[in-house]
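Structure at a glance
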There are 2 protein chains.
Amino acid sequence: MNPFPDYSAAYVVLRTTAGAEGFGLIFTVGRGTEIEVAAVRSLAGMVVGASVEELIADPGALARRMIGDSQIRWLGPEKGVVHMAAGGLVNAVWDLAARRAGKPLWQLLAGMTPEALVAQIDFRYLRDALTEHEAVALLRGGVSGREERTRLLLEEGYPAYTTTPGWLGYDDDKLARLCKEAVDDGYELIKLKVGGDLADDVRRMGIARQAVGPKIRIAVDANQIWGVGEAIAWMRELRVFDPYWIEEPTSPDDILGHAAVRQGVAPVLVATGEHVHNAVMFKQLLQAGALDVVQIDACRVGGVNENLAILLLAAKFGVPVCPHAGGVGLCELVQHLAMFDFVAVSGSTDNRAIEYVDHLHEHFVDPVRVSAGRYLAPTAPGMSAEMVAGSVAAYRFPDGPEWAAATAA
Amino acid sequence: MNPFPDYSAAYVVLRTTAGAEGFGLIFTVGRGTEIEVAAVRSLAGMVVGASVEELIADPGALARRMIGDSQIRWLGPEKGVVHMAAGGLVNAVWDLAARRAGKPLWQLLAGMTPEALVAQIDFRYLRDALTEHEAVALLRGGVSGREERTRLLLEEGYPAYTTTPGWLGYDDDKLARLCKEAVDDGYELIKLKVGGDLADDVRRMGIARQAVGPKIRIAVDANQIWGVGEAIAWMRELRVFDPYWIEEPTSPDDILGHAAVRQGVAPVLVATGEHVHNAVMFKQLLQAGALDVVQIDACRVGGVNENLAILLLAAKFGVPVCPHAGGVGLCELVQHLAMFDFVAVSGSTDNRAIEYVDHLHEHFVDPVRVSAGRYLAPTAPGMSAEMVAGSVAAYRFPDGPEWAAATAA
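Predicted model, so just to flag it, every value in this text is computed and none were measured. (Residues numbered from 1 in each chain as written. Chains lettered and ligands numbered in written order. Predicted model: local features only at pLDDT ≥ 70, side-chain atom pairs only at ≥ 80, totals over all residues. Heavy atoms only, no water.)

Contact with chain A, which involves 59 residues of that partner, is made by 59 residues of chain B. Approximately 5,000 Å² of surface area, both sides summed, lies buried where chain A meets chain B, with 55% of it carried by carbon and sulfur atoms. In terms of surface lost to chain B, no three residues of chain A exceed R31, Q71 and W74 of chain A, which account for 18% of the buried area on that side. Counting across the interface, chain A meets chain B through 6 salt bridges. (Contact = heavy atoms within 4.5 Å. Buried area = accessible area lost by both parts, 1.4 Å probe. Salt bridge = Lys/Arg side-chain N within 4 Å of Asp/Glu carboxyl O.)

It is worth spelling out helix α14 (residues 304–317) of chain A at this point. Residue and element names in this part refer to chain A. Compared with the 20 Å implied by 1.5 Å per residue over 14 residues, the 20 Å span of α14 between its first and last C-alpha is a close match. Of all 14 residues in α14, 11 are buried, a share of seventy percent or more. Turning to α14, its buried residues number three or more, namely V304, N305, E306, N307, L308, A309, I310, L311, L312, L313 and A314. Count one or two residues on from α14 and you reach G318, which has phi positive near 70 degrees. (Helix = DSSP H or I, 4+ residues; strand = E, 2+ residues; numbered from the N terminus. Expected span 1.5 Å × (residues − 1). Buried < 20%, exposed > 50% of the residue type's maximum accessible area, 1.4 Å probe, protein only.)

Before going further, it helps to spend a moment on empty space enclosed by the protein. All names here are of chain B. Counted according to the given criterion, the structure contains 5 cavities of 30 Å³ or more. I67, E78, I121, D122 and E306 are, among the 18 residues lining the largest cavity, the residues nearest its centre. Every element with two or more residues in the lining of the largest cavity is listed here: α3 (59–68), α13 (279–287) and α14 (304–317). Of the residues forming the lining of the largest cavity, the biggest block, 4 residues, is contributed by α3. (1 Å grid on protein atoms, 1.4 Å probe; cavity = no way out; pocket = protein on both sides within 12 Å on 5 of 7 lines; lining within 4 Å. Points joined across faces, edges and corners; volume = space filled by probe spheres on them.)

Okay, the pattern of salt bridges next. Evaluated as defined, the whole model comprises 48 salt bridges over all chains. With its nearest N and O atoms 3.0 Å apart, the salt bridge here joins D253 of chain A to K79 of chain B. Within this pair, whereas D253 of chain A is found in the loop between β6 (243–247) and α12 (255–265), its partner K79 of chain B is found in the loop between α3 and α4 (80–101), the two belonging to separate chains. The class of D253 of chain A is buried, set by a relative accessible area of 1%. Linked through salt bridges whose partners overlap, the residues forming this network are K191, K193, D221, E247 and E355 of chain A.

Below, the discussion takes up helix α12 (residues 255–265) of chain B. What α12 of chain B keeps buried is the set I255, G257, H258, A259, V261, G264 and V265 of chain B. The N-capping residue of α12 of chain B, defined by a side-chain oxygen 2.7 Å from the backbone nitrogen of G257 of chain B, is D254 of chain B. (Polar contact = N/O pair within 3.5 Å; in protein donor to acceptor, adjacent residues only side chain to side chain.)

Moving on to the confidence of the model for chain A. Residues and elements named next belong to chain A. A residue-level look at chain A finds 100% of positions with pLDDT of 70 or above and a mean pLDDT of 97. Highest mean pLDDT in chain A belongs to helix α13 (residues 279–287) (99); lowest belongs to helix α17 (residues 401–408) (88). We note a pTM of 0.98 for the whole complex and an ipTM of 0.97 for its interfaces. (pLDDT = per-residue confidence, 0-100.)

Structure, rendered in structure tokens:
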């Protein structure tokens, strides 16, 4: 479905008169970044000139204003280009707030009271599944162990899983080698792309299972290539290799389709989320019993605030969260949300892991650190969204020298 | 939800070397039109320089290329700004195709074979509800009466309903007067906005029902203002006035929510669609038994091709289509789809009507003609999307003289 990605980002920098900065980004896979930039520019008027104290005291108020804007919402509502732009700006405000507080975002969030966290969420369309009262109760249940879990997180990190071995196009030897290396590196869950050709998938799953043995989990990812019936038929052919989850078996909009796939492929789990465009969709995926793994993404929805809602919905329904990451900066940003979830919401890392892909981290000032199959908790203030100035200068579109060189070539 | 609309449009003009032109537009309510324009510009490269003969021979191929673009689709997929931009371009190609054929679009479509129509639709995510085979069978069932229905349509037109009386903010006398005028004008269905204040709604519904009597249908429209529970509670208070449908009771993404509302407010019908972003969502609304009235919109989804899919899904599930219109050009465009539906798909106008709002038609070269509560069938070639050149010159943003005058004021 996505044969030629050209990983890119619309990059947001908030500058303040006092000198502090806040950073956000919207990941893209190439063409269309200019549309996202246009959307950020359109929404920026709600941030530029605002009081820093007011913004960071209540990022949820900004989120409501931007997402609820009576004219812009016609282009959504709460989905696609304009929603992702709002999310990028909201995330930049949270980055600024965490920098000002001198804390990594996960720790800033984990230090907030249940009431303050719940006040950051727009419950308008969620109350049939989760009320403010239930959300406060969920968070109160997690208050007592917060310090112990913070200590554990700082000592041991958070589980990671790797997609490195599994891209389509690697030859069989490379696949087997990368699978073994992943296990040697400490990963307990790896992921393979599927859906190109059934015979290839059968052969590749066999090779991977052979390489990692029976105990390592192998997830598979179809990137939305199938209809509902195809997904079920295809996965039944792969079931003999004990795949752990099937990710994006069909359209991310197809809640009822995911529920049907889940019925049809059990005991294989169903995972989705990187393209699920808002909390209303996650709410229904959970209500419909359509998924076993919630894959939040830091840059798809309306920022930290909407992801708080999604984490609480997942907790209410008892479904683990395994964030989507990779791309540009997605690992850096989303780790904060998963770690907050562990410390203050779910209280557990069982059956949870953050996706990890080992590329493009060198462009970030505070890159993720992954060791022995675990993300180490970031300790620098902010949401880890700041890019290295030299990278921005070199790769800025269209005037960065790397673009000039590519165009000349 | 939308207190200050500033009706606008991103306007698409396809120019050909032979001189023929094709027109499309994406309706917006003001701010954000520039984002839509950026999206159209990004996608335009797939049209500019292409062979006119190839484009008009298979608009579905263009639709698949644009909607399936492996990089752009990250910003959707199939939703929001980029999807509406694709729809605007696809509609412009259909407009061009119909002009070249010398037929109004409804008639061009109604003259195509079932197989040719079905080939224009992307069934990837739809087959669990509607297969190509079933779609062909549905269309074949409608072939025999096409000529008779075409004659009827040209003679009698297609039912309209009016939202003119029902905007929030009119005083009670004006509401009563406009309701009576609508009945005098031949409308059998009118629509009122609700959701601001319950006591006001109760009073206004009482006035409207008193004004039109028991036989005229009164639909109400909440513009997504409620959560699921609120929608049910509010509508139960209005049920005594026999509202015909409740439109957009909650988030357009909330399929399961609409199903719950439908259960909760029966026998009041549930209608939605103007913000339903693609055929996968309509498919589920129908599968879940979540709505009684499908409200297609000409500019929300990926153009004529996706609306063909939605019309066929509605026919498969036996749910009537009452298109959303108003805004800028929505009446002009969508009438073609409803009339095609009557001639070639559903074969009926029972319980069907196209929304009508009497403004901004003067900016179109081939404006809708509504008389005695019915849309008269357009007979000029095309999709009626062409704007009057003087209007474009006067209102073009930001350099049109009307904008200069408004800015100066």
